[in-house]
Amino acid sequence: MKKSTITILILIAAVALSYSFVADTPSFQNLKILPKSIDKYQLDSVMKQYAYSLGVNCDFCHVQTNNAMRDWDFASDENANKLVARDMMKMTSALNQTYFDVKPDTTFKTKLVVTCYSCHHGKEHPATIAPKPAIIENSKTRN
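Not measured: the values here are computed from a predicted model.

Engineer: Before we go on, may I ask you to explain the overall build of the chain in this structure?
Structural biologist: The secondary structure content of the chain amounts to four helices and two strands. Along the chain direction, N to C, the helices and strands of the chain fall in the order α-α-β-β-α-α. Burial analysis of the chain (143 residues in total) assigns 18% to the buried set. Intrachain contacts of the chain at a sequence separation of at least 6 include 40% that bridge at least 24 residues.

Here it is as structure tokens:
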């Protein structure tokens, strides 16, 4: 083989190899509360926490553009629940900062005191009345 062919092949391999070291940082659109620098793992983690805390799926807040293909328009604000979720995020952040001295954290490593689950307990909407107390069998009455 000629030296020029070998050199070209080495350069092509070096360029291809260099692309494997470049982080594929997605650029999420329409983030109003979450930091613009959030990565996919962090965003997925936050969204799953919201879903578990409210007992809902993605379509509770997000718009699905094609049910058969499961295509989503995550940036869309058409679903009113997404706008409510933003307000709730602001509220829990304010409560944590004001009453529990939790500082804003873009690393998502701070343990929050007030979360969605604090009120929702796995339900779409928080309860507005206290649950009935559990009946305790064989309880002794006090005199």
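Engineer: Is there a simple way to think about the packing of aromatic side chains in this case?
Structural biologist: Note on aromatic pairs: each is described by the distance of the centres and the angle between the planes. Taken as a whole and judged by the stated rule, the model has one aromatic pair. On the numbers, 5.6 Å between centres and 15 degrees between planes, the contact of Trp72 with Phe74 is stacked.

Engineer: When you look at helix H3 (residues 80-100) in this model, what are you seeing that I'm missing?
Structural biologist: Given 3.6 residues to a turn, an α-helix orients residues that are three or four positions apart in the same direction. When the terminal C-alpha atoms of H3 are compared, their 29 Å separation across 21 residues agrees well with the 30 Å that a helix rising 1.5 Å per residue should span. By the burial criterion, the buried members of H3 are Lys82, Arg86, Met89, Thr92 and Asn96. One side of H3 carries all its buried residues, which in axial view fall inside an arc of 130 degrees. Relative to its buried face, H3 has exposed residues pointing more than 90 degrees away, namely Thr98 and Tyr99. Looking at the buried side of H3, the elements it contacts are helix H2 (40-54). In this structure Asn79 caps H3, since a side-chain oxygen of it lies 2.9 Å from the backbone nitrogen of Asn81. Of the residues one or two after H3, Asp101 is the one with positive phi, at around 55 degrees.

Engineer: For this particular structure, what's the right way to read H2?
Structural biologist: Here H2 spans 21 Å end to end across 15 residues, near enough to the 21 Å set by a 1.5 Å rise per residue. Residues of H2 that are buried include every one of Gln42, Leu43, Val46, Ala51, Ser53 and Leu54, and no others. Taken together, the buried residues of H2 touch helix H4 (116-120). Of the residues one or two after H2, Gly55 is the one with positive phi, at around 65 degrees.

Engineer: Explain the pattern of salt bridges to me, please; I cannot follow it from the model alone.
Structural biologist: When the charged atoms of two side chains lie near each other, side chains of opposite charge can form a pair. Considering all chains together, one arrives at four salt bridges under this definition. Across the pair Lys82 and Asp77 runs a salt bridge, and its minimum N-O distance is 3.5 Å. On the accessibility criterion, Asp77 (30% relative accessible area) is partly exposed. The salt bridge partner of Lys103 is Asp101, with a shortest N-O separation of 2.7 Å. Lys103 sits in the exposed class, given a relative accessible area of 54%. Shared partners join several salt bridges into a network, and the residues in it are Asp77, Lys82 and Arg86.

Engineer: What am I meant to see in the layout of surface pockets here?
Structural biologist: Space left empty within the atom packing is revealed by a probe, the size of a water molecule, rolled over the atoms. Its volume calculated, the largest pocket comes out at about 1,200 Å³. Lining the largest pocket are 45 residues; nearest its centre among them are Met47, Tyr50, Cys61, His62 and Ala85. Of all elements in the fold, only H2, strand S2 (71-73), H3 and H4 reach the threshold of two or more residues within the lining of the largest pocket. Sorting elements by how many residues they give to the lining of the largest pocket places H3 first, with 10 residues. Classifying every residue of the lining of the largest pocket by side-chain character gives 27 nonpolar, nine polar and nine charged. When its volume is computed, the second largest pocket comes out at roughly 830 Å³. Taken together, 29 residues make up the lining of the second largest pocket; nearest its centre are Val46, Tyr50, Asp105, Phe108 and Leu112. Of all elements in the fold, only H2 and H3 reach the threshold of two or more residues within the lining of the second largest pocket. Per-element accounting of the lining of the second largest pocket gives the leading share, seven residues, to H2. Per-class residue counts for the lining of the second largest pocket are 13 nonpolar, 12 polar and four charged.

Thresholds applied
- Residues numbered from 1 in each chain as written.
- Predicted model: local features only at pLDDT ≥ 70, side-chain atom pairs only at ≥ 80, totals over all residues.
- Heavy atoms only, no water.
- Helix = DSSP H or I, 4+ residues; strand = E, 2+ residues; numbered from the N terminus.
- Buried < 20%, exposed > 50% of the residue type's maximum accessible area, 1.4 Å probe, protein only.
- Contact = heavy atoms within 4.5 Å.
- Phe/Tyr/Trp six-rings, centres within 6.5 Å; stacked < 30°, edge-to-face > 60°.
- Expected span 1.5 Å × (residues − 1).
- Arc of directions from axis to C-beta.
- Polar contact = N/O pair within 3.5 Å; in protein donor to acceptor, adjacent residues only side chain to side chain.
- Salt bridge = Lys/Arg side-chain N within 4 Å of Asp/Glu carboxyl O.
- 1 Å grid on protein atoms, 1.4 Å probe; cavity = no way out; pocket = protein on both sides within 12 Å on 5 of 7 lines; lining within 4 Å.
- Points joined across faces, edges and corners; volume = space filled by probe spheres on them.
- Nonpolar A, V, L, I, M, F, W, Y, C, P; charged D, E, K, R; others polar.

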